Amino acid sequence: MLITSRNNDLIKKVKSLNDKKFRNQYNQFLIEGDKMINEAIREKINIEYIFVEEGYNWKNNKIDDSKIINVSSSVIEVLSSLKNSPGVLAVAEKKIFPSVENIELGDEELFLILDNVQDPGNIGTIIRTADSIGLKYIFIKEGSCDIYNPKVLRSTMGSIFRVECVTFSDNNKLIQKLKSNNIKVYATNLNTNKSIYDVDFKNSAIIVGNESNGVSEELLNLADEQIKIPMRGNTESLNVAIATSIILYEAFRQFI
């Protein structure tokens, strides 16, 4: 089967998945490129279709041939969010994450909370860094950038399929859930003297905030302590993804 028309009904539906509204409506998202698609298959993400550009050699023995649809170059271009399409694109079902109420914290010793982080590159880099240290859960405040945004997905380099990204709306409910499990909560704040190098991060949660405004006043007040990265130079602050990486690796250093 070869689809050459951009006006094909299936193509129009798939193209709409570049918009958050339709990703939510269909509970699906797009994955672009060999590496990301193979990562998704390896992590048992449910793949509905794989669109392969005519002449592009793509094959994975774990995918039924009935799910593979060949399309012309003009069609793959209209589906892709990239200026130059990688030649293969998949439609996948969103992963079902537990709610705050139903989550089992188990023996996890470190958690990350993202408070209204907006930049897709930042969200993706943070998820990738969290995966690199074996973090299982990231709690993401409603209103943050959509984790299925194409730029977020590309920045994660496949880590999105391994980390549990739990959305929350009620600050108090999340923090009380953590504290009731003996998890100490730290919020990042430039206006404090407590260094991250003076903190025991075992059994803790770390809150990082919005690129412009930092952690919200409510979450600052709910936290047990406020912490910051000490800086010697004249820079006022660091990019949130870089700052989060520094803090996570300090916590990881304490665990090894």
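About the thresholds
Residues numbered from 1 in each chain as written. Predicted model: local features only at pLDDT ≥ 70, side-chain atom pairs only at ≥ 80, totals over all residues. Heavy atoms only, no water. Pairing = 2+ DSSP bridges. Helix = DSSP H or I, 4+ residues; strand = E, 2+ residues; numbered from the N terminus. Axes fitted to C-alpha atoms, helices over the stretch in contact; angles between N-to-C directions. Buried < 20%, exposed > 50% of the residue type's maximum accessible area, 1.4 Å probe, protein only. Phe/Tyr/Trp six-rings, centres within 6.5 Å; stacked < 30°, edge-to-face > 60°.

### As for the sheet that holds strand β8 (residues 164–168)
Within the open sheet, the six strands sit side by side as β8-β7-β6-β10-β9-β11. Their pairing is parallel. The strands lining the two open edges of the sheet, one partner per strand, are β8 and β11 (225–227). Going across the sheet, the axis of each strand differs from the next one's by a mean of 25°, ignoring polarity. Pairing of strand β7 (residues 137–141) with β8 involves five bridges; the strand directions are parallel. From the neighbouring strand, F139 faces β8, where its bridge partner is V166.

### What about the pairing of strand β3 (residues 47–53)?
Across the seven residues that make up β3, a large majority, five, are buried. Relative to strand β5 (residues 88–93), β3 runs antiparallel, the two sharing five bridges. Considered in β5, the bridge of V52 is made with V88. Inspection of the sheet shows β3 paired to strand β4 (residues 68–71) by four bridges, in the parallel sense. Residue I50 lies in a different strand from β4, and its bridge partner there is I68.

### Regarding the packing of aromatic side chains
Using the criterion set out here, one finds eight aromatic pairs in the structure. When the ring of F22 is compared with that of Y26, the centres are 6.4 Å apart and the planes differ by 20°; the resulting orientation is stacked. With F22 and Y26 both in helix α2 (residues 20–26) and four residues apart, this pair spans about one turn of that helix. Residue classification places F22 among the partly exposed positions, given a relative accessible area of 25%. Ring centres of F29 and Y148 lie 4.4 Å apart, and the angle between their planes is 40°; on these two criteria the pair is classed as tilted. Here F29, found in strand β2 (residues 28–32), pairs with Y148, found in the loop between β7 and α6 (150–156); they are 119 residues apart in sequence, far enough to count as distant. Among the residues examined, F29 registers a relative accessible area of 1% and is labelled buried. According to the relative accessible area criterion, Y148 is buried, its value standing at 7%. Site record: aromatic cluster; members linked through ring pairs are F111, Y137 and F139.

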